Amino acid sequence: MKKISMLLIATILLNSCVSKKKYMALEQENGEIKSQLTKTQVAKEDLENKFAKIQERVDRYNEKISSLNEDVEGLTMENDIKLDVHKDGTIMSNESKRKMLTTLENVDPTKLAEAKTLKDSMNLAIQYNLEKTMNSSDLNEDEDIAVNINETVVMISISDKMLFNSGSYRISSKADDILQKLADVINSEESIDVMVEGHTDSRSINTEKIQDNWDLSVLRATSVVRKLQHKYKVDPAKLIASGRSSYQPLVDNSTRENRSKNRRTRIILMPNIDKFFALMEAN
């Protein structure tokens, strides 16, 4: 009996020792797992920090690239709108110069060969476009209408008998056709300012409403301007009314025929250079 008891006690003690060893092994394994987990978390945090720094650098580079692109665009735009003063006194932006060169590709090479300065080339380009506009308007020259291009302006001279009754500043109904065609030309090109000049012969005039030839020439100009604005929808901001009285005659006033030539209304189309070439490119 004593032997059995001793054997039972030994077995219990042995089992107890084995369980303790397993426990210690498990504890060690658990500690290693926790340590590895901690290392993994640290490594993960380190990688996240590194990634965040890399992303920050990428963002900074992207901002610099965007800034450089904006600078390049800004410099390009600044260069385009920069005004250059040339030896012949012509002032022109680089953008307008570029558009002018595009137009000159369509100009007669013979005429182009005669252009010696930038101003000559600019005038050729403007003449080309204005002549093209005038031709498309069906505004044909005859004995009562003269169309001339002088450098950067187009001058359309209209005999007074096509616009007014003798000694009057009221526009006659027969003027509708010519004024409609003029309005079509003016409205087709937003870059053009329009000066309307009244001219008389040398014979003096004095009535209840007209003091002298100055009055008559100005009143005729304002009559044309009002008609262009109100009936033909020309922007009034583009219009200028002026009178020259009898002081710029085409010929001497010695004959009836000559006086008829001097009584005229002159329409002067004056393009804004930069606006002209901008619209020219758009068209």
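Remember, it's a predicted structure, so these values are computed and weren't measured experimentally.

(A) Spatial organisation of the overall build of the protein chain. Secondary structure summary: the protein chain contains 8 helices and 7 strands in total. Looking at the protein chain residue by residue over its 283 residues, the buried ones come to 34%. Intrachain contacts of the protein chain at a sequence separation of at least 6 include 65% that bridge at least 24 residues. Per element, the accessible surface of the protein chain, about 18,900 Å² overall, is 53% carbon and sulfur.

(B) Main features of the pairing of strand S5 (residues 192–199). By the criterion of burial, S5 is predominantly enclosed, with 7 of the 8 residues buried. As paired strands, S5 and strand S6 (residues 239–243) are joined by 5 bridges and run parallel to one another. Looking at the pairing, Met195 lines up with Ile240 of S6.

(C) Quick look at the nonpolar core. In terms of nonpolar packing, the biggest core is built from 28 residues, with Ile156, Leu179, Val224, Ile267 and Leu269 touching the most fellow members. At the level of secondary structure, the elements contributing two or more residues to this core comprise strand S3 (145–150), strand S4 (153–159), helix H5 (176–187), S5, helix H6 (213–230) and strand S7 (264–271). Of all the elements, H5 adds the most residues to this core, at 6 residues. With near-sequence residues (within four places) excluded, Leu179 lies in contact with Leu163, Ile171, Val224, Lys227, Leu228 and Tyr232. Formed by 8 residues, the second largest nonpolar core is a distinct cluster that contains Val107, Ala115, Leu124 and Ile126.

(D) Here's a closer look at H6. In this model, H6 (18 residues) spans 26 Å end to end at C-alpha, consistent with the 26 Å of a helix rising 1.5 Å per residue. By the burial criterion, the buried members of H6 are Asn213, Leu216, Ser217, Arg220, Ala221, Thr222, Ser223, Val224, Val225 and Leu228. Tucked inside the fold, the buried residues of H6 contact H5, S5, S6 and S7. Between the side-chain oxygen at the start of H6 and the backbone nitrogen of Trp214 there is a gap of 3.1 Å, and the oxygen is on Asp212.

(E) Summary view of the side chain of Ser245. Along the chain, the position of Ser245 falls in the loop between S6 and helix H7 (256–262). Residue classification places Ser245 among the buried positions, given a relative accessible area of 2%. Once residues within four sequence positions are removed from consideration, Ser245 is found in contact with Gly198, His199, Thr200, Asn213, Trp214 and Ser217.

(F) Spotlight on H5. Its 12 residues give H5 an end-to-end C-alpha distance of 16 Å, which sits within 8% of 16 Å, the value for a rise of 1.5 Å per residue. When H5 is considered as a whole, its buried residues turn out to be Ile178, Leu179, Leu182, Ala183, Val185 and Ile186. The buried residues of H5 occupy an angular sector of 160° when the element is viewed end-on, so they sit on one face.

(G) Structural view of the pattern of salt bridges. Within this structure, the stated rule accounts for 7 salt bridges. One salt bridge connects Arg266 with Glu197, and the closest N-O pair in it is separated by 2.9 Å. A residue pair is termed long-range when its members are at least 10 positions apart, and Arg266 in strand S7 and Glu197 in strand S5 qualify at 69 residues. Each member of the pair, Arg266 as well as Glu197, is classed as buried. Several salt bridges share partner residues, and in doing so they unite Glu197, Arg244 and Arg266 into one network.

(H) Structural detail: the packing of H5 against H6. One way to put it is that H5 packs onto H6 with a least axis distance of 10 Å and a crossing angle of 65°. When the axes of H5 and H6 are compared, the pair comes out roughly perpendicular. Relative to H6, the crossing made by H5 is right-handed. Along its contact with H5, which presents Leu179, Ala183 and Ile186, the element H6 presents Val224, Lys227 and Leu228.

Conventions we followed
- Residues numbered from 1 in each chain as written.
- Predicted model: local features only at pLDDT ≥ 70, side-chain atom pairs only at ≥ 80, totals over all residues.
- Heavy atoms only, no water.
- Helix = DSSP H or I, 4+ residues; strand = E, 2+ residues; numbered from the N terminus.
- Buried < 20%, exposed > 50% of the residue type's maximum accessible area, 1.4 Å probe, protein only.
- Contact = heavy atoms within 4.5 Å.
- Areas by Shrake-Rupley, 256 points an atom, 1.4 Å probe, with all protein chains shown as cover.
- Pairing = 2+ DSSP bridges.
- Core = buried A, V, L, I, M, F, W, Y, C linked by side-chain atoms within 4.5 Å.
- Expected span 1.5 Å × (residues − 1).
- Polar contact = N/O pair within 3.5 Å; in protein donor to acceptor, adjacent residues only side chain to side chain.
- Arc of directions from axis to C-beta.
- Salt bridge = Lys/Arg side-chain N within 4 Å of Asp/Glu carboxyl O.
- Axes fitted to C-alpha atoms, helices over the stretch in contact; angles between N-to-C directions.
- Parallel < 35°, antiparallel > 145°, perpendicular 65-115°, else oblique.
- Left-handed = near helix turned anticlockwise from the far one by under 90°.

By themselves, these figures tell us nothing about what the structure is for.
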